[in-house]
Amino acid sequence: MKKLTKLIFDDMRPALGVTEPGAIAYSISKAKKYSRGELQQIHLVLNSGMYKNAFTCGIPNSLYYGNEYAAALGYIAADADKELECLEGITPSDNIIAEGLVKDGKVKVEMGEVSSRIYILAEIISSDNKVAILIRDSHTNIVRISVDNNIIFKKENADQEYKESTVPYIHTVTFRKILNYVKTVDFSELTFIRKAYEINLELFEQSIKSRRTTFAHHLFKKNGETMLSDNEQVSASLLCNAAIEARVLGLSRPAMSITGSGAHGIIATLPLYASHRINGLSEEQLLRATALSYLVCMYIKEYSGRLSAFCGCAIAAGTGMACGLAYLKGANFKQMTLVIQNMASSITGMICDGGNHGCTMKGIVAVDAAYQSVALALDNIGIESIHGINGATPEATMRNIGLIASPGMVETEKVVVDIMKNKRPK
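Just so we're clear, the structure is a prediction, and the values are computed from it rather than from any experiment. (Residues numbered from 1 in each chain as written. Predicted model: local features only at pLDDT ≥ 70, side-chain atom pairs only at ≥ 80, totals over all residues. Heavy atoms only, no water.)

A few points about the packing of helix α6 (residues 175-184) against helix α12 (residues 283-304)
Here comes step 1: It is at 9 Å that the axes of α6 and α12 come closest, and there the two elements cross at 155°. The angle between α6 and α12 places the two elements in the roughly antiparallel class. For the pair α6 and α12, the crossing hand works out as right-handed. Residue-level contacts link F175, I178, L179, Y181, V182, K183 and T184 of α6 to R288, A291, L292, L295, V296 and Y299 of α12. (Axes fitted to C-alpha atoms, helices over the stretch in contact; angles between N-to-C directions. Helix = DSSP H or I, 4+ residues; strand = E, 2+ residues; numbered from the N terminus. Parallel < 35°, antiparallel > 145°, perpendicular 65-115°, else oblique. Left-handed = near helix turned anticlockwise from the far one by under 90°. Contact = heavy atoms within 4.5 Å.)

Concerning the pairing of strand β6 (residues 142-147)
Note on strand geometry: in a regular strand, side chains alternate between the two faces of the sheet.
Here comes step 1: When you tally the buried positions in β6, you get 5 out of 6 residues, the bulk of the element.
Here comes step 2: Bridge analysis of strand β5 (residues 130-136) against β6 gives 5 bridges, and the strand direction is antiparallel. In the strand pairing of β6, L134 is matched with R144.
Here comes step 3: Connecting the antiparallel pair β5 and β6 is a turn made up of 5 residues, with D137 showing a positive phi of about 75°. (Buried < 20%, exposed > 50% of the residue type's maximum accessible area, 1.4 Å probe, protein only. Pairing = 2+ DSSP bridges.)

Section: the pattern of salt bridges
Here comes step 1: A full pass over the atoms with the stated rule returns 15 salt bridges.
Here comes step 2: The closest approach of N and O atoms between K82 and E88, which form a salt bridge, is 2.9 Å.
Here comes step 3: Between K103 and E99 there is a salt bridge whose closest N-O contact spans 2.8 Å. Residue K103 and its partner E99 are both found in helix α5 (residues 92-103); the two are separated by 4 residues, about one turn of the helix.
Here comes step 4: For E99, a relative accessible area of 21% gives the class partly exposed. (Salt bridge = Lys/Arg side-chain N within 4 Å of Asp/Glu carboxyl O.)

Thoughts on the side chain of K30
Here comes step 1: Residue placement: K30 occurs in helix α2 (residues 19-32).
Here comes step 2: D81 is the oppositely charged side chain nearest to the buried, salt-bridge-free K30, at an N-O distance of 5.3 Å.
Here comes step 3: Beyond its immediate chain neighbours, meaning those up to four positions away, K30 contacts A80, I133 and I142. (Lys, Arg positive; Asp, Glu negative; His and termini not counted.)

Considerations on the nonpolar core
Here comes step 1: Among the nonpolar cores identified, the biggest contains 97 residues, and I8, M12, I178, I193, Y197, L292 and M336 are the most heavily contacted of them.
Here comes step 2: Contacts of Y197, omitting those with residues within four sequence positions, involve T269, L270, L272, Y273, L286, L287 and T290.
Here comes step 3: Counting 46 residues, the second largest nonpolar core, distinct from the first, contains M50, A54, L84 and V107. (Core = buried A, V, L, I, M, F, W, Y, C linked by side-chain atoms within 4.5 Å.)

Focus: unusual backbone geometry
Here comes step 1: The amide bond that connects S406 to the next residue, P407, takes the cis arrangement and shows omega of 15°.
Here comes step 2: One can find P407 in the loop between α16 (394-405) and α17 (410-422).
Here comes step 3: Not every positive phi belongs to a glycine, and T259 is a case in point at roughly 50°.
Here comes step 4: On the basis of relative accessibility, which here comes to 4%, the residue T259 falls in the buried class.
Here comes step 5: The backbone phi angle of N380 is positive, close to 60°, even though this residue is not glycine.

Below is the structure:
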């Protein structure tokens, strides 16, 4: 297996609901395995991105939302063995018990560092012991477990500070090499990507059937009440954003995530599916385009951080998807470069104000921007590298996109979270 194939393979993960509530529930459910006695307090410390993304986010199999309820349901009924699908078995009675925990003040959630680096400190204090779980850098990466302050599990280098000088493998590869890989890698290496379409299309179908979704039904009507019409862009927006809406509302089907986000995974894939089907393209073309979409998304996210102040779904995954779309339409290297520059010059800077219903609107904008960027690039029209944040190479442009988020928008992150907190009743 080629290194770039393995990057994709290792990064793809099914996730039920928005990833952050799932990660919170997972951390608490894992801690509960070691907890003994009667519950006294659940305590969470989250980095700003984690705190923000779950703040008003829907929770699978629940009408509740937010950090506290994700933690409470994690304690009551989540299955830690299912990791990011741990909330799959939540029942109405579980929700009632979780509501009681929250109303009784048994769940306390704090925001820690303003940072794009994932951090979850989950503690369960009971009558007989105190358990603490520390997660860093990815949503299920437990680096330390302690019981009554005695460490029972610890990953090597768990306490070391993050080294920004460490260069991830994706950044050692040029965009031209990524494109060459996509065109030449043995197709058999990419067939595992089929699973992303199986999962994400099932989520789309659930959205269309649900009475809770609204954007999905509007887009469905706009598309002639069919999944795929002769309007490729409207069909792409329908597939993508109906699935995103289902996800952020907490409907009960998972999404296939990339870079730790189901919404990223949806945007990176479903518009390409519409193009593939409507234009009668082969599955091989689709999966090669998807590999390109994923890798561009990953390239940008390694600069911006997994959870940052800008909308990585629209910007990173959207740029990846735009490149995949251009690939399906026969773009050459120069035109691909223009696609990246057009995307960088249009939606870079779109804020992330958490995983919530607004993600659907951001997804609509991303699909529109991608189609416009690709159409212009195919006509050899684009924002040249001398302008704005565009760089002299595709790699430089993608780097600059990421840097806008981190460190560029760190203060924005704090302001966004403060606004969200101040909306709560005093």
